[in-house]
Amino acid sequence: MSQHFPVLIVLLPLSAALLSPFFSFMYRQAGKWIAVAALAGSFLCSVGLLLQVTAGGGQAIHYYMGNWVPPLGIEFVVDPINAVIVAMITFLAMCTAIYSTPFLKKSNWLYMGGYYTLMALLCVGLSGMTLTGDVFNLYVYLEIASLSGYGLIALGGNKGTLAAFRYLLIGTIGASLYLLAIGFMYSMTGSLNMADLSVLLQDKMDYPLMIMVIGLLIAAFGIKAALFPFHGWQPDSYTYSHPGAAPLISGAMSKVPAYAMLRFFFYLFGAQHLFVQHGLTVIGILGALGIILGSVMAIAQDDFRRMLAYSSVAQIGYIAVGLAIGSMYGLIGAILHIINHAFMKGSLFMAIGGVQYRFGEFRISQLGQLNKKMPFTVFTICVAALGMIGIPPAGGFFSKIYIMQGAMETGQYIYIAVLVISSLLNAVYFFRVMENIFVNPDAGLKEINPTAGKLELPLQMLIPIVLFGIIILALGFCNASVVDCIIKLGLPEVFLG
Amino acid sequence: MSDASTMDVINNFLATKGIYSLVLILLFLGLYGMIVSNNYMKKMMAMNVMQVAVIFFYLCFAQKDGGMIPILNGITTDPNAYINPLPHALMLTAIVVSLGTTGVALALLMRIKEAYGSAEEDEVLRRADK
Amino acid sequence: MTITDIRPFLAVGVSLLAAFLIMFSGKKPNVREFWSVAAAFIKAGLIFSMVPAVLAGNVYEYTLFAVTDTLGFTLRTDAAGMLFACVSSFLYIPVSFYAIGYMRGHHEKEQTGFFASFAVCLSAAVGIALSANLLTFFIFYELLTVATWPLVFHERNEEARFAGRKYLIYTLVSGQLMLAGIIVVYALAGTLDFQAGGFLSIDMAPKWMLQFLFFIMVLGGAVKAGVMPLHGWLPSAMVAPTPVSALLHAVAVVKAGAFCVLRLVGFVFGPTLLAQIGAATVLAWFAAFTIIASSLIAMKQDNLKRRLAFSTVGQLSYVVLGAALLAPLSILGAYFHIVAHALMKITLFMCAGAIIVTAHKDNISDMHGIGRKMPITMACYTIASLGIAGMPFIVGFISKWNIALGALQVSQPFYIVVLICSALLALSYLMPVTHLAFFKPNENGEFKTYGEANKFMLIPICVTAALSVILGIMPNFGPHLYDLASMAAQSITQGWIGGGW
């Protein structure tokens, strides 16, 4: 059983995705429960996998699909880093699935079943992308994730549909560019397996064609990860997506391409090659520009969700800068920030989704005295906001510290300056939110979904929200163990010398 | 004299690499269409053209002069005599994916048309901003 | 000897726990206030129980967990930290009683959030005092920044909103610069553990870089300590309720800033290095300028709290000046001035608050004859004012005397002139209040009858005023704070050979 964990992570939600509409046809709630159960099972498997791979001292676990031995067959390769990212994705998906149940209270069976199909498929796509050891397989999972993502965004209403269509156009360009890049690599080496490619490509890394490959990969993953200047699709998509699914979309969907980028540049190619270094420099410049411009754009927004979307552009920039630094601490910071940011952004979208559910409001200026009505939600907003700015003890502070340490290590002082400026810009818009909440007079919001009893929100929403707030703090307190016991085991050997 | 050798070079290039230039032109045609056309339907069709260009690219580099279809027929077991079937298989998947993308795009487009009464980008954006 | 003991963490944690409990007992004010007071007593008890061992030369140390992969989240009770921890944890007791009296007497709203933030601030202050390395220090420092913000915007009007923004801009910018500095220091030295006498040395980096590093890091402390021209937030923050002003300006925030400067000078850069790169001289100029200029500005203020705020700006620069002079006695004076100024200024602020609650007067020009109505409050006010001016037998004298002697040790008599000028200026802006309170009749006929502030407010005022006198006569009364200060100064200045570095 436990040797099948890698495939079960993908298989359980996949089967739930297919079964969900049938079950909801028979009994409306059943479709929901089967999806939640499958995602929970998937989460347990990924935790088991994480334990396995860390117990093995970070030795990568290879799982051959149908026992076809690579490079001919497709394999899942699990190292500590993608194990922890998959655990994060499945946890986020499970919590989001539970969180979104109140939004579907009044929907019919088809909507209910379809919603959970898309949710489970998104989880399949994202975890598959993270786990797979085959570049073409990654393309397939990328498209599964994207297509279900388009669906979930389109469920958010008319504006959501428009955003989804526009995202689809841009996203397809990204996917095609990725396909082109692996076409080049395949024509050079005749292999699609990542481990195989990493060996075969080593003596071809100075071919001019590699410039093309690296450029295409940056553009492709840049589009998918909403790296500046490829982020045009993102603000609308995040803003108008289904409020129940927004935490998963915003938390995980743009992080996985960033991780894929890391995988290609540091594990497949190796950062010591000249072209890869130039590529990383480009990523770093884009990331730094994204950090500044994303933060500036975020300051100008009144719609909370839109502000968060622009802040995502900035936060992806942190990850990109971490990659571009390309030293041990840079990578640790980038990976830690992938995890931290997923939880921070996820919790913020959950919190604003909760406000939207109860009051139908999402404008920052209308949140006055929210702490009186929704104290727990405000607690999470504050913790996540502190994390976003990078104020201890929330998790975001530590990823920032590691990235700064990395920049110091390699003498790229400019990134330290960028991070300092960005923290201050983040402080401007997140403290503005808190100021609006605490200082503004009561906005007199109308309850559109009054909750029975004393609770501020239905329990299905409140528990994930508070849990995420606690996790952000816990990630801050336990960052040393995450780094030492998980991330360091999975880094390429060159960094640990 | 020099004309002949130039022609040789061109011929040689067209024979070996020419098809790739065509693929490249097709790809950029698709991208160009996506950028300049104002109609969402046309944008989507241009997107399909771009996807097809990538598929052509795979099929082109899988091509081999004098290669056989990859079925063991008892004549030879030398792999060099056969065409590599893998790119074709990959492209089957890619075609399916692009079909799926097109399907989703059409469904979304229908909804957009229903909601905003148009598929022209400027018109839709104007109505969406209201 | 280093003793592994979790008590430092318990002392920090107890008021964090109290903040948590306070949040959940907002509906029952008496229970809520009980948590506040209980935390104050337990905290002070824990800190004071560690004093004897520290005086005997031992150090309590505890690492709770690893804060990054190479650094620990460590608290350590060296003499310097112990001094500040004693002051802040002890003064928490009178201030929390006073706060109860003030908040109820003034019918303030949002009291739950107020008491919770208050408790977090005190945790952060003790954490700052006892941190064993720069990163732990920074974590508590930022916690203090964030926890003080709700106290500044407490009034929830436009003025409070802008005061809050101003406060955040000043502290966050300097905090981020300090963080960048910390990263650079870590890369240069490979450690962040505080070490008496400093762990950076001249051969680690070019001179200009060390100078630059010193300034961006000291900025973090100087902003909170209100060294001019970085003092702008402090007078604006006066919109907060008076117990907050007492806390901000006497115990937690500004003292944390001054303590930060002392830590950086004594335990990160070290006097030897600072004498070599000459950076401390510049800091001393700024401090001297602040001492004079703030006193001049204070004279023009009519609002009593604002006048006291500018007085704070000046007095905190004594600490910075003492540290920047780099002489053993001046550093001793700087440490002891943390104690002295805390006691005196908290008395002054609590008097101002008592006047606001009892007589509803903010401005000095309305206080004619108020000594009839509130003789005890005004007597305490007079004692503390004399102490600020540096009168012998009140605690302020001891610290100033030592700073002045330190200036002689490094042959800089100019700073003694500054100190004397400042003492005279302090008299001229604080004593008129006493004069018009006791000797000027009130035109409107108010204040005829005796009517002191309520006991919750009056007793803390008397206690702190009495302590200012007792410590002025016997500086080692109670937890031997003078000995702690001189231990701290000695450990920093081990390499001192009479007359220079």
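Computed from a predicted model, the values in this text were never measured in an experiment.

**Thoughts on the overall build of chain A**
Along its length, chain A carries 20 helices and 2 strands. Taking 497 residues into account, the globule formula puts the C-alpha radius of gyration at 23 Å, and chain A, at 21 Å, falls close to it. Its C-alpha atoms put chain A at 65 × 55 × 40 Å along the principal axes. Side-chain charges of chain A comprise 22 positive and 18 negative groups, with the mean position of each set lying 15 Å from the other.

**A few points about the interface of chain C and chain A**
Size of an interface, as often reported, equals the accessible area lost when the parts are brought together. Taken together, the contact pairs 28 residues of chain C with 33 residues of chain A. When the area that chain C buries against chain A is broken down by residue, the three leading residues are D69(C), Q176(C) and I183(C), summing to 22%. Remark: the boundary between chain C and chain A carries 3 salt bridges. Note that E435(A) is salt-bridged to R165(C), the shortest N-O span being 2.7 Å. Where chain C meets chain A, there are 9 residue pairs in polar contact (both at pLDDT 80 or more). Per-element tally for the side of chain C that touches chain A: the top contributor is helix α6 (residues 158-189) of chain C, with 12 residues. Partitioning the side of chain C that touches chain A into residue classes produces 19 nonpolar, 3 polar and 6 charged.

**As for the packing of helix α5 (residues 134-152) of chain C against α6(C)**
Residue and element names in this part refer to chain C. For the pair α5 and α6, interaxial distance at closest approach is 10 Å and the crossing angle is 175°. As judged from the angle between their axes, α5 and α6 are roughly antiparallel. Residue composition of the contact of α5 with α6, grouped by class: 16 nonpolar, 6 polar and 1 charged.

**Let's talk about the arrangement of the chains**
Taken together, the 2 pairs of chains in contact show their highest number of contacts between chains A and B. For chain B and chain C, which are not in contact, the least C-alpha distance works out to 33 Å.

**Overview of the interface of chain B and chain A**
The partner chain A presents 27 residues to the 35 residues of chain B that form the contact. Here chain B and chain A share an interface that buries about 2,700 Å² over both sides, 82% of which is from carbon and sulfur atoms. Taken together, chain B and chain A are joined by 1 salt bridge. R166(A) is the partner of E121(B) in a salt bridge, and the nearest nitrogen-oxygen pair spans 3.3 Å. At the junction of chain B with chain A, the criterion picks out 5 residue pairs in polar contact (both at pLDDT 80 or more). For the side of chain B that touches chain A, the elements supplying multiple residues, two or more each, are α2 (18-36), α3 (40-62), α4 (86-116) and α5 (121-129) of chain B. With 17 residues, the single largest contributor to the side of chain B that touches chain A is α4(B).

**Describing the confidence of the model for chain B**
Residues and elements named next belong to chain B. In the predicted model, chain B carries a mean pLDDT of 87, and 98% of its residues have values of at least 70. Mean pLDDT values for the elements of chain B range from 81 in helix α1 (residues 2-16) up to 92 in α4. In the predicted assembly, ipTM is 0.91 and pTM is 0.92.

**Here's the deal with unusual backbone geometry**
Cis geometry is found at the peptide bond from F228(A) to P229(A), where omega equals 0°. Of note, the bond from M228(C) into P229(C) is cis; its omega dihedral lies within 30 degrees of zero at 5°. In this fold, P229(C) is placed in the loop between α7 (207-225) and α8 (233-236). Phi angles above zero are rare outside glycine, and R156(C) is one such case at about 60°. Mapped onto the secondary structure, R156(C) falls in the loop between α5 and α6.

**Focus: the pattern of salt bridges**
Residue and element names in this part refer to chain A. Applying the stated criterion to the full structure yields 19 salt bridges over all chains. In this structure, D236 engages R306 in a salt bridge whose closest nitrogen and oxygen atoms are separated by 2.9 Å. Linking D236 in helix α9 (residues 234-240) with R306 in helix α13 (residues 304-325), this pair joins segments that are 70 residues apart in sequence. Residue class for D236 comes out partly exposed when judged on its relative accessible area of 21%.

**Notes on the environment of G317(A)**
Residue and element names in this part refer to chain A. As for its position among the elements, G317 is in helix α13. With relative accessibility at 1%, the residue G317 sits in the buried group. In this structure, the C-alpha to C-alpha distance between G317 and L336, residues 19 residues apart in sequence, is 14 Å.

**Re the packing of aromatic side chains**
Applying the stated rule across the entire model yields 59 aromatic pairs over all chains. Here F438(A) and F153(C) contribute two aromatic rings whose centre-to-centre distance is 6.1 Å and whose plane-to-plane angle is 25°, an arrangement assigned as stacked. Of the two residues, F438(A) is situated in helix α18 (residues 413-439) and F153(C) in the loop between α5 and α6; the pairing between them involves two chains. Under the relative-accessibility criterion, F153(C) is labelled buried at 2%. Measuring from centroid to centroid gives 6.1 Å for Y98(C) and Y102(C), while their planes differ by 25°, and the two rings are stacked. In this pair, Y98(C) and Y102(C) both sit in helix α3 (residues 79-105), 4 residues apart, roughly one turn of the helix.

Conventions adopted
- Residues numbered from 1 in each chain as written.
- Chains lettered and ligands numbered in written order.
- Predicted model: local features only at pLDDT ≥ 70, side-chain atom pairs only at ≥ 80, totals over all residues.
- Heavy atoms only, no water.
- Helix = DSSP H or I, 4+ residues; strand = E, 2+ residues; numbered from the N terminus.
- Rg over C-alpha atoms; globule rule 2.2 N^0.38 Å.
- Lys, Arg positive; Asp, Glu negative; His and termini not counted.
- Charge placed at Lys NZ, Arg CZ, Asp CG, Glu CD.
- Contact = heavy atoms within 4.5 Å.
- Buried area = accessible area lost by both parts, 1.4 Å probe.
- Salt bridge = Lys/Arg side-chain N within 4 Å of Asp/Glu carboxyl O.
- Polar contact = N/O pair within 3.5 Å; in protein donor to acceptor, adjacent residues only side chain to side chain.
- Nonpolar A, V, L, I, M, F, W, Y, C, P; charged D, E, K, R; others polar.
- Axes fitted to C-alpha atoms, helices over the stretch in contact; angles between N-to-C directions.
- Parallel < 35°, antiparallel > 145°, perpendicular 65-115°, else oblique.
- pLDDT = per-residue confidence, 0-100.
- Buried < 20%, exposed > 50% of the residue type's maximum accessible area, 1.4 Å probe, protein only.
- Phe/Tyr/Trp six-rings, centres within 6.5 Å; stacked < 30°, edge-to-face > 60°.

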